[in-house]
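Structural overview
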Amino acid sequence: MALATLPRATSTTGPEVLFYDGGCGLCHRAVRFILWADREGRAFRFAPLGGANFQAQVPASERAHLPDSMVVQTAEGVRLTRSAAMLYILRRLGGGWRVLAVLLGLVPPPLRDAAYDFVARIRLRLFARPDDACPVVPPPLRTRFLP
């Protein structure tokens, strides 16, 4: 999906949902980064892949075809995966991250997705699994996580 065809990353309806693999060290770090970059919690809420929220929002027929890394569900109900999800996240964070998304969006989608798939294949070897698959979330951040 080309950057021009991505949904607008300026939703005013509130935070969107980022489903993530809780057992992946890279996904864990990505969630921590997004929490840091979106300090006010306006862009995203987080839910684990396979969690109750994921099961309720994504039909079983679609779950089988989604990657086991990160999936963004926009306020409009569009599900983004792979490099399209990463570009959307960066755009939604705004500022310099939006500029980075625009630059990465110049790369043809097949090349972006190939790079994403390569990292996804080796991520479990490169990034240590979190010691605790469900780390204790500090009280101020708990409202940003869904079951």
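Please refer to the structure placed before this passage.
Since this is a predicted model, take the numbers as computed values, not measurements. (Residues numbered from 1 in each chain as written. Predicted model: local features only at pLDDT ≥ 70, side-chain atom pairs only at ≥ 80, totals over all residues. Heavy atoms only, no water.)

**Thoughts on the packing of helix α4 (residues 82-93) against helix α5 (residues 95-105)**
To describe two helices that pack against each other, one gives the angle between their axes and the distance between the axes. Stated formally: Axis definition: a line fitted to C-alpha atoms, limited for helices to the stretch in contact. Angles are taken between N-to-C directions and run from 0 to 180 degrees. Note on conventions: DSSP H or I runs of at least 4 residues are helices, E runs of at least 2 residues are strands, and numbering of each starts at the N terminus. Crossings are sorted by hand: turned counterclockwise from the far helix by less than a right angle, the near helix makes the crossing left-handed, and turned clockwise it makes it right-handed. Whether two residues are in contact is decided by their heavy atoms, any of which lying within 4.5 Å being enough. When residues are grouped by polarity, Ala, Val, Leu, Ile, Met, Phe, Trp, Tyr, Cys and Pro land in nonpolar, Asp, Glu, Lys and Arg in charged, and all others, Gly among them, in polar.
Look at α4 against α5: their axes get within 6 Å of each other, and the N-to-C directions meet at 145 degrees. Seen along the crossing, α4 lies across α5 with a hand that is left-handed. Contacts from L87, L90, R91 and L93 of α4 reach α5 at G95, W97, R98, L100, A101, L104 and G105. For the contact of α4 with α5, the residue count by class is seven nonpolar, two polar and two charged.

**What to know about the packing of aromatic side chains**
The geometry of an aromatic ring pair comes down to the distance between the two centres and the angle between the two planes. Here is the rule we go by: For Phe, Tyr and Trp, rings pair up if their centres lie within 6.5 Å, where Trp contributes its six-membered ring, and each pair is then called stacked (planes under 30 degrees apart), edge-to-face (over 60) or tilted (otherwise). For the exposure calls, accessible area comes from a 1.4 Å probe over protein chains only, and a residue counts as buried if that area is under 20% of its type's maximum, exposed if over 50%, partly exposed in between.
Applying the stated rule across the entire model yields four aromatic pairs. Pairing F19 with F54 gives two aromatic rings, centres 5.0 Å apart and planes at 70 degrees, and the pair type is edge-to-face. Placement of the pair is F19 in strand β1 (residues 16-20) and F54 in helix α2 (residues 52-57), with a sequence separation of 35 residues. F19 gets classed as buried once you look at its relative accessible area, which sits at 0%. In this structure F54 comes out as buried when scored by relative accessible area, which is 6%. Between F33 and W97, the aromatic rings sit 4.9 Å apart at their centres with planes inclined by 85 degrees, giving edge-to-face as the arrangement. Here F33 is found in helix α1 (residues 25-37), whereas its partner W97 is found in helix α5, with 64 residues between them in sequence. Classification of W97 as partly exposed rests on a relative accessible area of 31%. Members of the aromatic cluster, each reached through a chain of ring pairs, are F33, W36 and W97.

**Digging into the sheet that holds strand β3 (residues 70-73)**
Two pairing modes exist for strands in a sheet, parallel and antiparallel, and in both the strands are linked by backbone hydrogen bonds. Using the following cut-off: When DSSP finds at least two bridges between two strands, those strands are taken to pair.
Across the sheet, four strands lie side by side as β2-β1-β3-β4; this open sheet has mixed pairing. Looking at which strands have only one partner, the edges of the open sheet turn out to be β2 (44-48) and β4 (79-81). With direction set aside, neighbouring strand axes in the sheet form an average angle of 25 degrees. When β3 meets β4, the two strands line up antiparallel, connected through three bridges. In the strand pairing of β4, V71 is matched with T81. Where α1 meets the sheet, its contacts fall on β1, β2 and β3, and the angle it forms with β2 comes to roughly 160 degrees. Where α4 meets the sheet, it contacts β1, β2, β3 and β4, and its direction lies at approximately 110 degrees from that of β4.

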